[in-house]
Each structure stands twice: as structure tokens, then as C-alpha cells.
Amino acid sequence: MKSKFGDRMLQFRLPHVSISDSDEEGCEIEFTESPDSEDTYVLLQRHFEPPDDGSVYVESHHLAICGHFRIRKVELRNNELCFSLSGDADETVQVSFEAEEGQYRRLKKALSMMIPARSLSIQQ
């Protein structure tokens, strides 16, 4: 499927979102089918310890999008996250999820810590 981000898009419906953040050490956001699911997932992780080159570690059941990437563009809308990977993967990933207001606020905070402001668009 073609997206406004680029030519290729992977779409996932992963309702459960888990956010771990630490202002000093790093952030982790994981989308899964359920809280105890390990089969289908998308994980975004960034550590702030040196050497921090600004890349985000992406892990998924879809092996083509696993590795360290610079994220070109991220859009967070109500219950949907789209991000565009640079480098060899050259993919856009769209994750549909379900989040309560508190989770959504934590997700916005974690993404703001992980992604440079010039690359991040957040729907309020």
C-alpha cells in the first residue's frame, strides 16, 4: 500500500501498548496483540547513554523492519502511529492500537523523548 510517507507501508493492528520511560536511560514502546502476546509485535526503543547517535532500535515479528534506524517522520494520531524508517528498510509502518487517555499521554511523552521535534507530529 502506498502512503503519504513513501511507497511502501506495513500495517499492523496491535491493540495493546506498553510504555517504559526513563528520562535519563531511555524509552521503550511495545505494541502487541494482547498483554501476554509475544508472537506479533512492534517494539521501538532508544537509549540515551553514550554513544547516542539518535537512532531508534526497532524490533518486530516482521524481520524486514528489525535493527537500528533513523526515523525520518513520525505521526501519532488517536489510536494510530505511523513512522518512516530510513536506510535499507525504507519502510513506513502503521500501527493501530487502543490507549486510554493516560496511556496516550505517556506515549506522547515517550515519543517526544525518542524522536527529534522536527520529525514528530502529534495530534492533541
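Here the structure is shown first, and the text comes after it.
The structure displayed is predicted, hence computed values, not measured ones.

Undergrad: Hey, could you go over the sheet that holds strand S9 (residues 92-96) for me, with residue numbers and the actual values?
TA: Spatially, five strands are ordered S1-S9-S8-S7-S10 in an open sheet, and the strand pairing comes out mixed. The sheet is open, and its two edges are formed by strand S1 (9-13) and strand S10 (120-122), each paired on a single side. Across the sheet, the axes of successive neighbouring strands diverge by a mean angle of 10 degrees, strand direction being ignored. Here five bridges tie S1 to S9, and the two strands are oriented parallel to one another. Within S9, the residue paired with Leu10 across the bridge is Val93. Contacting strand S7 (71-77), strand S8 (80-85) and S10, helix H1 (residues 101-114) crosses the sheet at an angle of about 165 degrees to S7.

Undergrad: Let's hear about the pairing of S8: which residues, and what values?
TA: A large share of S8 lies buried, amounting to six of its six residues. In terms of strand pairing, S7 meets S8 through six bridges, oriented antiparallel. In the sheet register, Arg77 faces S8, and the bridge partner there is Glu80. Pairing of S8 with S9 involves five bridges; the strand directions are antiparallel. Across the sheet, Glu80 pairs through a bridge with Ser96, a residue of S9.

Undergrad: Help me get a handle on the pattern of salt bridges, residues and values and all.
TA: Counted under the stated rule, the structure contains five salt bridges. Between Lys73 and Glu75 there is a salt bridge, and its shortest N-O distance comes to 3.6 Å. A relative accessible area of 35% means that Lys73 is categorised as partly exposed. When the shortest N-O distance is used, the salt bridge between Glu101 and Arg105 registers 3.0 Å. Linking Glu101 with Arg105, this pair stays in helix H1, spanning four residues, or about one helical turn. Residue Glu101 is classed as exposed on the basis of its relative accessible area of 62%. Residue classification places Arg105 among the partly exposed residues on the basis of a relative accessible area of 47%. Within this structure, Lys73, Glu75, Arg77 and Glu80 form a network of salt bridges that share partners.

Undergrad: Help me get a handle on unusual backbone geometry, residues and values and all.
TA: Here Asn79, not a glycine, exhibits a phi torsion of approximately 65 degrees, which is positive. Tracing the backbone shows Asn79 in the loop between S7 and S8.

The rules behind the values
- Residues numbered from 1 in each chain as written.
- Predicted model: local features only at pLDDT ≥ 70, side-chain atom pairs only at ≥ 80, totals over all residues.
- Heavy atoms only, no water.
- Pairing = 2+ DSSP bridges.
- Helix = DSSP H or I, 4+ residues; strand = E, 2+ residues; numbered from the N terminus.
- Axes fitted to C-alpha atoms, helices over the stretch in contact; angles between N-to-C directions.
- Contact = heavy atoms within 4.5 Å.
- Buried < 20%, exposed > 50% of the residue type's maximum accessible area, 1.4 Å probe, protein only.
- Salt bridge = Lys/Arg side-chain N within 4 Å of Asp/Glu carboxyl O.

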